[in-house]
Amino acid sequence: MSSSHDLPRNYDFAEVEERWRSIWRDEDHYFDKNSKKPQFVIDTPPPYPTGNFHIGNALNWCYIDFFARYKRMKGFNVMFPQGWDCHGLPTEVKVEELNHITKNDVSREEFRRMCRELTEKNIGLMRITLRKMAFSTDWSNEYVTMEPKYYGKTQLSFLRMLSSGYIYQSEHPVNYCTRCETAIAFAEVAYEERETQLNYFDFDGVEIATTRPELLAACVAVAVHPDDERYSKLKDRTMKVPLFCHDVPVVLDEAVDPAFGSGAVMICTFGDKQDVHWWKQHNLALRKAIDRQGRMTEIAGKYKGLNTTECRVAILADMKAQDILLRQEKLAQRVGTCWRCKTPIEILSERQWFVKIKPAEIADAAHQISWFPEHMLLRMENWVEQMEWDWCISRQRIFATPIPVWFCKKCGEIAVPEDKELPVDPTQVSPKHPCKKCGSTEFTGEEDVLDTWMDSSISVLNVTGWDGSGTPPFFPAQIRPQGHDIIRTWAFYTILRSVALTGQKPWEEILVNGMVLGEDGFKMSKSRGNIIVPEEILVKYGADALRQWGAMGAATGSDIMFNWNDVVAASRFQTKMWNITKFALIQLEKEGFDPDAQITALADRWLLVRLSDTVEQVSNALESYQFDVALKAIREFAWEVLADNYIELVKGRLYKDDNSRKGACLALHTAFDALCRLLAPFTPYFAEECYSHLSPGKSVHKQPWVAFTYDDDAARIEGDLLVQVVAEVRKYKHDTGLALNAPLGKVTIYAQQTVNDEGDTGRTLNAEVHWRTDAAKLDRVITDIDFNRSVIGPAFRKQAGAFMAAIKALSPEQLANPPKTITLEGSEVTVPENAFTPKYSYMEEGAQVDVITVGDVILTIAKA
RNA sequence: GGGCUUGUGGUCUAGUUGGUUAUGACGUCGCCCUUACACGGCGGAGGUCACCGGUUCGAAUCCGGUCAGGCCCA
């Protein structure tokens, strides 16, 4: 134990946090591959290296660190890896922006180098925040998806799924962002509400409504509802497309809504997902009118080269000129846009790579995983059930994992590298062997790259040691922590890939955290100006306070509003705990502490039984990831049970110099030691600081989790009574205008059981306290009568005075049980309800006392 | 339009399988600087548990509907 003289008056989080950060060693958090302990592998989310570790990340990581630290103390071999999901458009866009270039202005290699450089810088910045937050990261298991070591595995996983038939290439309509010039997956399409124009025009004699006249060149059919009598004569006909003059068939389809527009629609390749549906179902022709840059193609004839907006204007003008544009209406519609750049997406038919989605397989694995909170599983189920297309994994970008494939220039056959050649960039190197089919040595490297989710969806395979064969040594992981916003992407793709590559679920449990909203209850955004960055909180209140906010801000899994109040409250709790620490150390160093002391006093037993309850509550809560419940129980124990009640009760005994303080010292030591350990996962710096003063040279983070139990039901019940008695007497002092430390004379407590309080109650109340088990012998005396003049006045008017005099004249027995009527100046009058209340005083053994009841217990107080 | 989720004092929030007086924090009001702590202690005020209906001896809790918010999707 360090001397209390060493303890500064105030807790200086900045000094303490920096000091421990320099003392702690990374090695303490390394996963031990040879350990005999049970493993606890966490499939940590690899954040996108934007350079800012935002508050949502912070919340997610707080949860991870809480259970990582808890599990370590519980004796698990914990792996808390840190990944970085580097590839993707945002970085490309940022690089273009920072350097005022477009990706086509420099070579692919140069562009990649610039992206890597920016990413490395950003990772550096984010690592600093992670360390400040005291996350117990296993830096020996850090992975960076843009590094060859990692993306080689991404490529290996691609090849495995290619050979097992999960991956195929095909020409198929895909969502395409013409600004980013790449295909995107459905998960990357964001829908936005927009107002557009619905144009009615004459289509070979039939009125048709369309929002996208620019797609007229891509029209491949006209569809009507089979029961729509207006159009029954169109059956089996072909129709001539206005302006373009090609013939298209008329198809009948139930999905056409006769009430929308004119009830007849044109099918274009492709205006929306419904067009793709009809196109497939009716086996229609393919007319590609828009290219990858979003410009009109050959098919569009004289409109070739225009972008879609220009083309729309031109076609509408030409329709007007030909007098076939009938009318226009405003229409609210939802447009699919690129989630990165918000450009409306086009559906283009392109040769792309796909991963087969087998919904049943994924649903089955999802059901084998425990979900926290449970209802998040439903989101996965809903997403899985409505999958229509396979997952398009090819992207036409640069900063991403190359698709490890060549095409034979002669016969088109695919060539793939051997495992040991990975990673490869097929645009830079050639295959080692001639074409299997035709023997040619001329190849073209695939220029397309992989969707970033192809990298991140093997995070769990990577950390569990996957090498391309069978089940990895540490697979499945024990838990996946992540936000609910990426259930349909990261969670979904990870399950898909794990099942495809290992045949098993990726994790035993998944813990889904909520989103962090601004103080105003809205999603944090620049435009609202409600963004809070972790760094700001770290500077003002420190990491431990921020971590407490993360634990207590909301129930695990629900969205959480950021709230400075919670951070302030957290920091106040630390102040309180710091004062408890100072008090405990001053007391414990007085005479050392005796681990063999006997605990006999009620207050001491009560503290230990409440501690035992708290340990159980906190442990149970942590097992089910209820961090709010756990920390709340800890705070309540420290603040209410230990500080406000226990310490106040035993102070007097601790100040004494005799043997009776030994039991209190042991109880205090036990509770304080346990508190440090309970707090360790939540406030690692603070807990370490407190514990280091209690047990110098030892780290609380290397101690086992508290296993303290104390079974003493009587102490819980009697101790609660003791605390209640003290509270009632305090209230009595307050009500009678006495200072809390004012001397009180004699207090007699009539309880059913004998209580050994070692004199604690008396010292706490500054009174002579007697606990008695016999019945109280009290005489009740009416000392005065309170009259209710607002009742008496209106009822008796001038006789009011006489009424009150008559009541005063009643005997004590009559007053205790008042008559219904009374004789007033010779006549019977009714005694109104609530007209008066007798005031009693009590006499005990001839002295006047005040009486308080606490349940069945009677307290009498004889003032000094 | 569909799925999920939420609606508790001024603000935020707890409330597990329905069970006496609905939890805590912040704010607010009053008293108190008692040898760990005024970044504190003690006490008080403040709630038709969104609304309507149902099940029940009993509903914040279960069921149905309405209204409002959030998220995801069509």
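Participant: An account of the protein's contact with RNA strand B is requested, with residue identities and associated values reported.
Facilitator: Residues in contact with RNA strand B amount to 32 residues; listed here are only the nearest, Y191, N382, R488, W639 and Y655. For RNA strand B, the backbone makes up 74% of the atoms found within 4 Å of the protein, where backbone means sugar plus phosphate. Between RNA strand B and R9, the relevant distance is 3.3 Å, taken from a phosphate oxygen to a side-chain nitrogen or oxygen of the residue. K576 places a polar side-chain atom, nitrogen or oxygen, 2.9 Å from a base oxygen of RNA strand B. Those elements that provide at least two residues to the surface near RNA strand B are helix 9 (376-385), helix 15 (564-590), helix 17 (627-655) and helix 20 (713-735). Ranked by residue count, the leading element in the surface near RNA strand B is helix 15, at nine residues. Classifying every residue of the surface near RNA strand B by side-chain character gives 10 nonpolar, nine polar and 13 charged.

Participant: So what about the layout of surface pockets? Which residues, and what values?
Facilitator: The volume enclosed by the second largest pocket comes to roughly 1300 Å³. Forming the boundary of the second largest pocket are 45 residues, of which T211, R212, G271, D272 and Q333 lie nearest the centre. Sorting the residues of the lining of the second largest pocket by element identifies strand 7 (189-203), strand 8 (206-210), strand 12 (264-268), helix 6 (273-281), helix 7 (308-321), strand 13 (325-338) and strand 14 (346-355) as the ones contributing at least two each. A per-class count over the lining of the second largest pocket returns 19 nonpolar, 15 polar and 11 charged.

Participant: Outline the sheet that holds strand 14, listing residues and values.
Facilitator: The pairing of strands in a sheet happens through backbone hydrogen bonds and is either parallel or antiparallel. One open sheet holds the four strands; their spatial order is 6-5-14-16, and the pairing between them is antiparallel. Both outer strands of the open sheet, strand 6 (182-184) and strand 16 (391-392), are each paired with one neighbouring strand and no more. As judged from the two bridges shared by strand 14 and strand 16, these two strands associate in the antiparallel manner. By the bridge assignment, V355 is partnered in strand 16 with W391.

Participant: Can you explain the packing of helix 16 (residues 602-623) against helix 20? Please cite residues and give values.
Facilitator: Orientation of helix 16 relative to helix 20, taken along the N-to-C sense of each, is 115°, at an axis distance of 8 Å. With respect to each other, helix 16 and helix 20 are oriented roughly perpendicular. As for the relative orientation of helix 16 and helix 20, their crossing is left-handed in sense. In this structure, helix 16 uses L602, R605, W606, V609, R610 and D613 to contact helix 20, whose residues at the interface are A714, A715, R716, E718, G719, D720, L722 and V723. For the contact of helix 16 with helix 20, the class distribution of residues is seven nonpolar, one polar and six charged.

Participant: Now, about the side chain of N141: what can you tell me, with residues and values included?
Facilitator: You can see N141 is positioned in the loop between helix 4 (108-132) and strand 4 (142-144). According to the relative accessible area criterion, N141 is buried, its value standing at 16%. Those residues in contact with N141, other than ones at most four positions away along the chain, are F31, M79, P81 and Q82.

Participant: Which residues make up the confidence of the model for chain A, and what values go with them?
Facilitator: Scored by pLDDT, chain A has a mean of 88; 97% of the residues are at 70 or more. Element-level pLDDT for chain A is lowest in helix 22 (residues 789-796), with a mean of 68, against a maximum mean of 98 in strand 2 (residues 77-79). The ipTM for the predicted assembly is 0.90, set against a pTM of 0.85.

Participant: Can you break down the nonpolar core residue by residue, with the values?
Facilitator: A general trend in soluble globular proteins is that nonpolar side chains are found buried together. Counting residues in hydrophobic clusters, the biggest one holds 141 residues, and the most contacted among them are F562, F627 and Y646. Ranked by residue count, the leading element in this core is helix 17, at 15 residues. Residues in contact with F562, not counting those within four places in the same chain, are I55, V516, L517, G518, E519, M524, I532, I537, W549 and V567.

Participant: Tell me what's going on with helix 18 (residues 661-679), and back it up with residues and numbers.
Facilitator: Each α-helix winds once per 3.6 residues, and so residues spaced three or four apart point in a common direction. A rise of 1.5 Å per residue sets the reference length of helix 18, with its 19 residues, at 27 Å; its end C-alpha atoms lie 27 Å apart and thus fit the reference within 8%. Most of helix 18 sits inside the fold, with 18 of its 19 residues counted as buried.

Participant: So what's going on with the pattern of salt bridges? Which residues, and what values?
Facilitator: On inspection of all chains with the given rule, the structure shows 47 salt bridges. Between E623 and K71 there is a salt bridge, and its shortest N-O distance comes to 3.7 Å. Note that E623 is positioned in helix 16 and K71 in helix 2 (residues 55-73), a separation of 552 residues in sequence. Looking at E623, the relative accessible area reads 39%, which means it is partly exposed. Taking the relative accessible area as the measure of exposure, K71 reaches 10% and is therefore buried. E214 is the partner of R312 in a salt bridge, and the nearest nitrogen-oxygen pair spans 3.0 Å. With R312 in helix 7 and E214 in the loop between strand 8 and strand 9 (219-224), this residue pair connects regions lying 98 residues apart in the sequence.

Participant: Explain the packing of aromatic side chains to me, and be specific about the residues and the numbers.
Facilitator: Tallying each qualifying case throughout the model produces 31 aromatic pairs. Between F372 and Y625, the ring centres sit 5.1 Å apart and the planes meet at 75°, which makes this aromatic pair edge-to-face. Of the two residues, F372 sits in strand 15 (residues 370-372) while Y625 sits in the loop between helix 16 and helix 17, which places them 253 residues apart along the sequence. Pairing W453 with Y493 gives two aromatic rings, centres 6.2 Å apart and planes at 45°, and the pair type is tilted. Separated by 40 residues along the polypeptide, W453 in helix 10 (residues 452-456) and Y493 in helix 12 (residues 487-502) bring together distant segments of the chain. Like W453, the residue Y493 is buried in the burial classification. Among the aromatic residues, those joined into a cluster by ring pairs are F40, Y63, F66, F67, F76, F372, Y625, F627 and F682. Here the guanidinium or amino end of K358 rests over the ring plane of Y166, the centre of that ring lying 4.1 Å away.

What counts and how
Residues numbered from 1 in each chain as written. Chains lettered and ligands numbered in written order. Predicted model: local features only at pLDDT ≥ 70, side-chain atom pairs only at ≥ 80, totals over all residues. Heavy atoms only, no water. Near = heavy atom within 4 Å. Polar contact = N/O pair within 3.5 Å; in protein donor to acceptor, adjacent residues only side chain to side chain. Helix = DSSP H or I, 4+ residues; strand = E, 2+ residues; numbered from the N terminus. Nonpolar A, V, L, I, M, F, W, Y, C, P; charged D, E, K, R; others polar. 1 Å grid on protein atoms, 1.4 Å probe; cavity = no way out; pocket = protein on both sides within 12 Å on 5 of 7 lines; lining within 4 Å. Points joined across faces, edges and corners; volume = space filled by probe spheres on them. Pairing = 2+ DSSP bridges. Axes fitted to C-alpha atoms, helices over the stretch in contact; angles between N-to-C directions. Parallel < 35°, antiparallel > 145°, perpendicular 65-115°, else oblique. Left-handed = near helix turned anticlockwise from the far one by under 90°. Contact = heavy atoms within 4.5 Å. Buried < 20%, exposed > 50% of the residue type's maximum accessible area, 1.4 Å probe, protein only. pLDDT = per-residue confidence, 0-100. Core = buried A, V, L, I, M, F, W, Y, C linked by side-chain atoms within 4.5 Å. Expected span 1.5 Å × (residues − 1). Salt bridge = Lys/Arg side-chain N within 4 Å of Asp/Glu carboxyl O. Phe/Tyr/Trp six-rings, centres within 6.5 Å; stacked < 30°, edge-to-face > 60°. Lys NZ or Arg CZ within 6 Å of the ring centre and 35° of its normal.

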